[in-house]
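Structural description and commentary
One letter stands for each residue in the lines below.
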Amino acid sequence: MLSLQIIVYILSFLHASDRKEASLVCRSWYNASQDQRYQVTYPEPKPPCTLWGVGVFIPYISPFIDLQREVTFSFPASASALELVKGLSRKSHCSLRISQLDGFSISRSLLLEVGACLGSKVESLALPGSSITEASLLNLLPCLTSLRRLDLRGLDSLFMSGAFLSREEHRQQVRSALCGLEELDLSNLRYLSDLTFTRLTGCTPRLRRLSLAGCHIAFEFDPYRGCPVGMVEDSSALLSLRNLKRLLTQQKSTLVALDLSRTSITPESLRAVAQVEDLKLEELYLQGCKELTDYSVEILVRHQPGLLKLDISECMGLTSRSVEAVAHGLKSLTHLSLSHDWRITEKGLRDLLALPGLKGLDLSQCLNISGAEMVSGLKRPGATRAQLETLNFRGCTYIKDLAVFSLAQLLGSCLRELDLTSCVNVTDLSVCAIATYLQELVVLRLGWCKEVTDWGLLGMLQKAECELHNETGENGPMFTRTFGNMGFFKPPRMPFEEKPKLLTQIDLQQFKEQAGDSLLALRRLQELDLSACIKLTDSSITQVVKYPDLQRLSLSMLPDITDAALVSVGWHCRSLTSLTLSHCPGITDRGVAQAAPHLQRLQHLYLSCCGNITDRSLHLLMQHCKRLKTVDISRKFWMHPQTNAADQSPPPRDL
């Protein structure tokens, strides 16, 4: 029998997903996979996770990791869940996400079992999609003495009566158990009142993170009293600004993160929150707060200069004046989201890119951004500059090859995630620049970049221009003064209608021999999106998409790919957990039959509008892909991305 040290050494060569598989073999392998001396071999960041419904960037994985420490066990309330809870009692700690809880006996028994078997081991508890009763939760909470995070989002049934924690003995029991609680999520509660909020937060004296996203909070300003509503008297029906400010004052020494997204907070209310004495926030989320103005952002950065993460996306009233205020007032900023702030222009981005600690920048759907000022900010001689790890240009139609090429050169050593989805002016030049300078990328999204062709993925810039079919001659159609032949007029060809020069076997041989960089150089990729890049064919997919660590791949709406692409992907990308092939009429049962045996880790497969997929593919998937959670085979027609016309797919083929 091999010693523990030898097994630990062997497992050190495996990827994280493989180590998790190996840990299920036997007890000794499990213990070896949990060895704290084991060092993670991949330095790339985690993909963005969701905290309280807002995208948050997590910069890096810890160099030493317990493979099971951050695992959350998610399951619905059922009779079989009782055995699962008993099995988890052997773990030293765990995080639970229990859904579909109600007032029936199964749910009550399950919560009692959690309290009895896992009471001192549960570090995080979430109860989504539940209608739990007050009595059941009050029986459970006193048992959870190690709880660090509590997620009660959307549990309106718990707060509707306003009687939650109304009895003093209940508050004492809960306070003794939740004295160490650090994160409390109360988002999307319609019936959160002053009294209930005061009772619950009175039991959590050491909060570090609080979410009230989507809650109904009385923020309105009273012009007669000169203060926000709720600053004078309590509101029995709604949470008031007065009680929120009271909590911030009481827990100012520990509270560092606040989420007020999708609330009706006004500039005056935000100023009242920011001016709480000695409050030093590090994270503030204001997504979708449509009442905010540039003035409110200026006041915020003046009173909270230590902010590290700021989300002011979907705040329609903000302009570049807010960007300038952030750039000059938040010198320690690491992550900023300006998504869907369509009034923002290039102004201020030059100074923003001078912040040395800035790692994440989201400019998606900022329609006036071209990237020129960002390049200028990064090129300033003798000045500090941002070391961006994540950059999101989704929907920025003014982004062109020159900006992408310059940013790739300047951010090559640090950028890990790049989103160019729907940047319609991006061409093969940008793809070649990415392959040459951004070889540390973990996530690359090029969906709907319709000018990207096989040549760009292969790193071979097309030398010959496209040969246009000029059916009317050099001078175009002729017309008389009476416009008698208007019916023969044809509109000018659009760029996406032009067919690129097709690749030949000689071209592919040159690709294999060339020294230039193709997209294959991005060996660290874990996510790749090529959706609706309609000029791509099997020629590039089979030669380039060969990433052993790739986990998420989207090739939807590529009308010219066939089973050859699917088979190649299955053979070379065996770590895939999510594969999207929707609207690909060339994919058939034959491709699924050859690829499925190699995609044993696949969890999500999307084949909607693939008319040549039949029951045979389902049987093959059931046989080989045991981990599948989602299979989408809806609809038998597909929408062509060029014409947006619905075409009926040919009848399924028999193998």
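Reference entry: report on the structure contained in this document. Given the structure is predicted, the values throughout are model-derived calculations rather than measurements.

Let us look at the overall build of the protein. The helix and strand inventory of the protein stands at 23 helices and 27 strands. Counting only residues that meet the buried cut, the protein has 51% of its 655 residues in that class. Put simply, of all contacts in the protein between residues at least 6 apart along the chain, 79% involve residues at least 24 apart.

Before going further, it helps to spend a moment on the nonpolar core. Judged by nonpolar contacts, the single largest core of 163 residues is most densely connected at Leu96, Leu186, Leu212, Leu352 and Phe393. Considering every element that reaches this core, the biggest residue donor is helix H16 (residues 401-411), with five residues. Judged by nonpolar contacts, the second largest core, of five residues, contains Ile7, Leu11, Ala22 and Ala32.

With respect to burial, strand S5 (residues 122-126) is a largely interior element, four of its five residues being buried. In the sheet, strand S4 (residues 94-99) pairs with S5 via four bridges, with the strands oriented parallel. Within S5, the position partnered with serine 95 by the bridge is serine 124. Handedness of the S4-helix H5 (residues 105-118)-S5 crossover: right-handed. Handedness of the β-α-β unit built from S5, helix H6 (residues 134-140) and strand S6 (residues 149-151) comes out right-handed.

In this section: the packing of helix H9 (residues 194-201) against helix H10 (residues 241-250). Following both chains from N to C, one finds H9 and H10 inclined at 10 degrees, their axes separated by 10 Å at the closest point. By the angle class used here, H9 and H10 are roughly parallel. Here Asp194, Phe197, Thr198 and Thr201 of H9 lie close against H10, whose contacting residues are Asn243, Leu244, Arg246 and Leu247. Split into classes, the residues belonging to the contact of H9 with H10 amount to three nonpolar, three polar and two charged.

This brings us to the pattern of salt bridges. If you walk through the whole model with that rule in mind, you get 19 salt bridges. In this structure, the salt-bridge partner of aspartate 151 is arginine 149, at a minimum N-O distance of 4.0 Å. We note a salt bridge from glutamate 417 to arginine 445, for which the minimum N-O separation is 3.1 Å. A residue pair is termed long-range when its members are at least 10 positions apart, and glutamate 417 in strand S19 (residues 417-419) and arginine 445 in strand S20 (residues 443-445) qualify at 28 residues. Of the residues examined, arginine 445 reaches a relative accessible area of 14% and is grouped as buried. The network of salt bridges with shared partners includes Arg394, Glu417, Asp419, Arg445, Glu527 and Arg552.

We now examine the pairing of S4. Within S4, five of the six residues are buried, which leaves the element mostly enclosed by the surrounding structure. Two strands pair when backbone bridges link them, and strand S3 (residues 72-76) and S4 are joined in this way by five bridges, in the parallel orientation. What sits directly across from proline 76, in S4, is serine 99. A crossover connection joins S3 to the parallel S4 through helix H4 (residues 80-88); in handedness this β-α-β unit is right-handed.

Looking now at the environment of threonine 334. The residue threonine 334 is located in the loop between helix H13 (320-329) and strand S16 (335-337) in this model. What makes threonine 334 buried here is its relative accessible area of 16%. On a C-alpha basis, the gap between threonine 334 and glutamine 387 in space is 9.5 Å, while along the polypeptide they are 53 residues apart. With residues near it in sequence (within four places) discarded, threonine 334 still touches Leu308, Lys309, Gly357, Leu358, Lys359 and Gly360.

A few words now on the packing of H10 against helix H11 (residues 267-274). Where H10 meets H11, the axes come as close as 10 Å, and the angle between the chain directions of the two elements is 20 degrees. Relative to H11, the element H10 lies roughly parallel. Crossing of H10 over H11 shows right-handed handedness. Residue-level contacts link Leu241, Lys245 and Leu248 of H10 to Ser269, Ala272 and Val273 of H11. Of the residues assigned to the contact of H10 with H11, the class counts are four nonpolar, one polar and one charged.

For the rest of this paragraph, the subject is the packing of aromatic side chains. The full count for this structure, using the stated rule, is three aromatic pairs. Pairing phenylalanine 405 with tyrosine 437 gives two aromatic rings, centres 5.7 Å apart and planes at 90 degrees, and the pair type is edge-to-face. Here the residue phenylalanine 405 occupies a position in helix H16, and tyrosine 437 occupies one in helix H17 (residues 428-437), the gap between them amounting to 32 residues. By relative accessible area, phenylalanine 405 is classed as partly exposed at 35%. In this structure, arginine 574 is placed above the aromatic ring of tryptophan 571, and the distance from its NZ or CZ to the ring centre is 4.3 Å.

Definitions and cut-offs
- Residues numbered from 1 in each chain as written.
- Predicted model: local features only at pLDDT ≥ 70, side-chain atom pairs only at ≥ 80, totals over all residues.
- Heavy atoms only, no water.
- Helix = DSSP H or I, 4+ residues; strand = E, 2+ residues; numbered from the N terminus.
- Buried < 20%, exposed > 50% of the residue type's maximum accessible area, 1.4 Å probe, protein only.
- Contact = heavy atoms within 4.5 Å.
- Core = buried A, V, L, I, M, F, W, Y, C linked by side-chain atoms within 4.5 Å.
- Pairing = 2+ DSSP bridges.
- Right-handed = clockwise from strand over helix to strand, strands pointing away.
- Axes fitted to C-alpha atoms, helices over the stretch in contact; angles between N-to-C directions.
- Parallel < 35°, antiparallel > 145°, perpendicular 65-115°, else oblique.
- Nonpolar A, V, L, I, M, F, W, Y, C, P; charged D, E, K, R; others polar.
- Salt bridge = Lys/Arg side-chain N within 4 Å of Asp/Glu carboxyl O.
- Left-handed = near helix turned anticlockwise from the far one by under 90°.
- Phe/Tyr/Trp six-rings, centres within 6.5 Å; stacked < 30°, edge-to-face > 60°.
- Lys NZ or Arg CZ within 6 Å of the ring centre and 35° of its normal.

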